[in-house]
Amino acid sequence: MVLDTMRDEDNRYEFIGGRFLEPLVDGLVVKGAVIADFREGVLMHWPPEIDPKILSFAENIYIPFIHLGYIVIDSFDSPNKYLIIQFGERILLLVIDKRVKGEELGNKLLRSFRFLFSRK
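A.B. asks: Quick question: what am I supposed to make of the nonpolar core here?
C.D. replies: Note that soluble globular proteins tend to have their nonpolar side chains buried in a common cluster. Core analysis: the largest hydrophobic core is formed by 17 residues, its most contacted members being Leu-21, Ala-33, Ile-35, Leu-94 and Ile-96. Breaking this core down by element, the ones donating at least two residues are strand S3 (30-37), strand S4 (41-46), strand S6 (80-87), strand S7 (90-97) and helix H2 (102-118). For Leu-21, the residues in contact, after removing those within four places along its chain, are Ala-33, Ile-35, Met-44, His-45 and Trp-46. Among the nonpolar cores identified, the runner-up in size contains 14 residues, and Ala-36, Val-42, Ala-58 and Ile-84 belong to it.

A.B. asks: Sorry, what's going on with the side chain of Ser-78 here?
C.D. replies: Locating Ser-78 in the fold gives a position in the loop between strand S5 (68-74) and S6. Within the structure, the side chain of Ser-78 is placed 3.2 Å from the backbone nitrogen of Asn-80, a separation counted as a polar contact. Of the polar contacts made by the side chain of Ser-78, one reaches the side chain of Tyr-82; its length is 3.0 Å.

A.B. asks: I keep staring at the pairing of S7 and nothing clicks. Help me out?
C.D. replies: The side chains of a regular strand alternate, residue by residue, between the two faces of the sheet. Counted residue by residue, S7 has 7 buried out of 8 residues, so it is predominantly covered. Inspection of the sheet shows S3 paired to S7 by 7 bridges, in the antiparallel sense. The partner of Gly-32 across the bridge, within S7, is Val-95. Counting the residues that bridge the hairpin from S6 to S7 gives 2 residues, and of these Gly-88 lies at a positive phi of roughly 65 degrees.

A.B. asks: Explain the environment of Gly-32 to me, please; I cannot follow it from the model alone.
C.D. replies: By the element assignment, Gly-32 lies in strand S3. Under the relative-accessibility criterion, Gly-32 is labelled buried at 0%. Along the primary structure Gly-32 and Trp-46 are separated by 14 residues, whereas in three dimensions their C-alpha atoms are 5.7 Å apart. Contacts of Gly-32, omitting those with residues within four sequence positions, involve Val-25, Trp-46, Pro-47, Ile-50, Leu-93, Leu-94 and Val-95.

A.B. asks: What is the right way to look at the pairing of S4 in this model?
C.D. replies: In terms of burial, S4 is a largely internal element, 6 of the 6 residues being buried. Both S3 and S4 contribute to a ladder of 5 bridges, which runs antiparallel. Bridge pairing in S4 places Val-34 opposite His-45. Remark: 3 residues form the turn of the hairpin made by S3 and S4, two consecutive strands paired antiparallel.

Quick notes on the rules
- Residues numbered from 1 in each chain as written.
- Predicted model: local features only at pLDDT ≥ 70, side-chain atom pairs only at ≥ 80, totals over all residues.
- Heavy atoms only, no water.
- Core = buried A, V, L, I, M, F, W, Y, C linked by side-chain atoms within 4.5 Å.
- Buried < 20%, exposed > 50% of the residue type's maximum accessible area, 1.4 Å probe, protein only.
- Helix = DSSP H or I, 4+ residues; strand = E, 2+ residues; numbered from the N terminus.
- Contact = heavy atoms within 4.5 Å.
- Polar contact = N/O pair within 3.5 Å; in protein donor to acceptor, adjacent residues only side chain to side chain.
- Pairing = 2+ DSSP bridges.

Read these as geometric descriptors, not functional statements.
See below:
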């Protein structure tokens, strides 16, 4: 597996790649995307200049095992919402605008992923 983010000796994140996530991030509705694994931490993200706090957040998420599901997190302290879609031990974290109905977006994405996974 090729990682596109790694931490240096000062525990800061260094960007290596991850352009395949670029189509998900339009800068208006979706402001960032992170793929993380419960064991390995952050695997990849887009854009390269994503806030290290978001990477740390993604790396420290643990959701009791569900095969496929989503969670929307909205905080008064953050200018964004977070849509987390879980695929077994991996998550896709989308940083979304506060005005977006995260539950509707999560439902649509989850239905699409279920359709894709059921066709295998």
